Amino acid sequence: MADLDQTLAVALKGYAWLPDLRRRAAGGPVRTRVMGQPAVGICGPAAAQFFYGAGNLERHTALPSLVVHTLFGAGAVHTLDGSAHRHRKALFSGLLLGEDGIDTLAKLAGEAFDAAAAGWRGGREISLFDETARIIAKAVTRWVGVPEEERELTALARDLVAMVDGFATVGPRFARALAARERQERILSKTIAGVRAEAPTPEPISVIAHHTDDGVLLDPRTAAVELLNIIRPSTAVAWFVAFAAHALDRWPRHAARLRAGDDEFTTAFVHEVRRFYPFAPFLGGRAARDLHFQGEPIPSGTLVLLDVYGQNHDPDLWEDPYAFRPERFLGREIGDFDLIPQGGGDPRTGHRCPGEKITIALLGTLVEHLARLDYYLPPQDTTIDLSRIPAIPRSRIKLVVP
């Protein structure tokens, strides 16, 4: 197995690829090759702790160019390591981890959802996924301070969706993602230049525009990249809203507690959506030095792949992992390396996504508003193809509001 390059298998199997390899290796570390390079696949809380251990892995040489040039952008914080990463990460932590800012964004999203839902009434079919992407784009641009006209919001939402949808593929989706990133980086570079002509304010766009690395302002394009790295991950919540609607269609008994505004249950429901449904298949880094994990030597330069989908469905970690049970998170303290749909460890200092709290707050607000909406799902194909990354219900969840 170690001699066979698995790049094509990744494209064909998607989320099942690494769990299948690990299953054949009795669940331990598995050696393979991806993109012509030696790789080791690992899984579990101990694996996540190893993956995020200080000095173990570097990211800037491990991220495929497909991902950098569509999802993150050239020069983004995700491509940095060491002190450069810590300094740039502090920018995001300051913006994304404050409770007041998170609450404000969630409130804006709820208001935008209700305003949009008022226009859905009348019996016509709407795409929940596409409408949610636009709702989130409207809320997050207001929050960060990016001025957008209504027609520009639709174009921005479409481009943000394209960036996420094309990060793990080639062909038309990848081409759309590249074009979308080029277009929005160009537009937002001009916006950044305009913001810099004004006095600094606490608005996120101003904080990013005036941020310095080693006392030097980021060039406008890199500042635009990082501005997109605030806006674009929020739009990815549209995938989880579609998954939440899928869950409510299959297990409608959960809707009553969401409608009632049971905050503890809403948070548990959000965690279960993020655990149960597929988004990131695995995360990658490159061994910064000769390492060992569970007795397996990992030579310097080896790709290390953390099996996110496998860990989120690991029976040793989650009882009956292929059952959708929000109750599993009631009264359960989640370890830093247990539930890892957006990475593990400390988001302030490591590579865990600092926007995870925003994801949880946005998704919680939007699923409560969805549960309170009087709607039904017309006949449609809601199957989820696990070979497609990122996965999404085939119909993107069409609903009708009478």
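This is a predicted model, so every value here is computed, not measured.

Further remarks concern the overall build of the chain. In terms of regular secondary structure, the chain is built from 16 helices and 11 strands. Relative to a compact globule of 402 residues, whose C-alpha radius of gyration would be 21 Å, the chain shows 21 Å and is just as compact. The dimensions of the chain, computed from C-alpha atoms along their principal axes, are 60 × 55 × 40 Å. Intrachain contacts of the chain at a sequence separation of at least 6 include 71% that bridge at least 24 residues. Of the accessible surface of the chain, which amounts to about 16700 Å², a share of 54% is contributed by carbon and sulfur atoms. In the chain, 46 positive and 49 negative side-chain charges are present, and the distance between their average locations comes to 4 Å.

Glancing now at the sheet that holds strand β1 (residues 30-34). One open sheet accounts for 5 strands, arranged β1-β2-β10-β7-β3; its pairing is mixed. Lying at the two open borders of the sheet, with one neighbouring strand each, are β1 and β3 (57-58). Of the strands in this sheet, β1, β2 (37-42) and β10 (303-306) touch helix α2 (residues 17-24), which is tilted by about 140° from β1.

Burial along β1 is one-sided: the residues V30, T32 and V34 are buried and none of R31 and R33 is. Hairpin remark: β1 followed by β2, antiparallel, with 2 residues in the connecting loop; positive phi at M35, about 55°.

This part is about the pattern of salt bridges. A full pass over the atoms with the stated rule returns 22 salt bridges. Among the ionic pairs, K107 bridges to E111, the shortest N-O distance being 2.6 Å. Taken together, the positions of K107 and E111, both in helix α6 (residues 99-118) and 4 residues apart, correspond to about one turn of that helix. The class for K107 is exposed, based on a relative accessible area of 54%.

Bringing the packing of aromatic side chains into the picture now. Tallying each qualifying case throughout the model produces 18 aromatic pairs. A ring pair is formed by F129 and W239, whose centres lie 4.7 Å apart and whose planes are at 85°; its orientation type is edge-to-face. One end of the pair, F129, is in helix α7 (residues 128-144); the other, W239, is in helix α12 (residues 237-250), and 110 residues separate them in sequence. For the pair F129 and W239, a shared accessibility class is recorded, and that class is buried. With a centroid separation of 6.4 Å and 40° between ring planes, the pair formed by F265 and F269 is classed as tilted. Placement of both F265 and F269 in helix α14 (residues 263-276) is noted, with a separation of 4 residues, approximately one turn of the helix.

At their nearest, the axes of α14 and helix α16 (residues 356-372) sit 9 Å apart, and the two run at 115° to each other. Relative to α16, the element α14 is oriented roughly perpendicular. The hand of the α14/α16 crossing is right-handed. Mapping the contact onto sequence places D263, T266, F269, V270, H271, V273 and R274 in α14 and E356, T359, I360, L363, G364, V367 and E368 in α16.

Counted by the stated rule, this structure contains 1 cavity of 30 Å³ or more. As a volume, the largest cavity reaches approximately 40 Å³. Residue assignment for the lining of the largest cavity shows that the elements contributing at least two residues are α14 and α15 (308-311).

On the secondary structure map, F240 appears in helix α12. Look at F240 and you get buried, because its relative accessible area is 5%. Once the C-alpha coordinates of F240 and P147 are considered, the two residues, 93 residues apart in sequence, prove to be 26 Å apart. Ignoring anything within four residues of it in the chain, the contact list for F240 reads V273, R274, F279, T359 and L363.

Attention shifts here to the side chain of R173. Among the secondary structure elements, R173 is positioned in helix α9 (residues 172-196). Classification of R173 as buried rests on a relative accessible area of 16%. Engagement of the side chain of R173 in a polar contact is seen with the backbone oxygen of I389, the distance being 3.2 Å. The contacts of R173, once residues within four sequence positions are left out, are A162, D165, G166, R388, I389 and P390.

Summarising the element assignment, Y309 is placed in helix α15. C-alpha separation for the pair Y309 and R289, spaced 20 residues apart in sequence, amounts to 26 Å.

What counts, and where the lines are drawn
Residues numbered from 1 in each chain as written. Predicted model: local features only at pLDDT ≥ 70, side-chain atom pairs only at ≥ 80, totals over all residues. Heavy atoms only, no water. Helix = DSSP H or I, 4+ residues; strand = E, 2+ residues; numbered from the N terminus. Rg over C-alpha atoms; globule rule 2.2 N^0.38 Å. Contact = heavy atoms within 4.5 Å. Areas by Shrake-Rupley, 256 points an atom, 1.4 Å probe, with all protein chains shown as cover. Lys, Arg positive; Asp, Glu negative; His and termini not counted. Charge placed at Lys NZ, Arg CZ, Asp CG, Glu CD. Pairing = 2+ DSSP bridges. Axes fitted to C-alpha atoms, helices over the stretch in contact; angles between N-to-C directions. Buried < 20%, exposed > 50% of the residue type's maximum accessible area, 1.4 Å probe, protein only. Salt bridge = Lys/Arg side-chain N within 4 Å of Asp/Glu carboxyl O. Phe/Tyr/Trp six-rings, centres within 6.5 Å; stacked < 30°, edge-to-face > 60°. Parallel < 35°, antiparallel > 145°, perpendicular 65-115°, else oblique. Left-handed = near helix turned anticlockwise from the far one by under 90°. 1 Å grid on protein atoms, 1.4 Å probe; cavity = no way out; pocket = protein on both sides within 12 Å on 5 of 7 lines; lining within 4 Å. Points joined across faces, edges and corners; volume = space filled by probe spheres on them. Polar contact = N/O pair within 3.5 Å; in protein donor to acceptor, adjacent residues only side chain to side chain.

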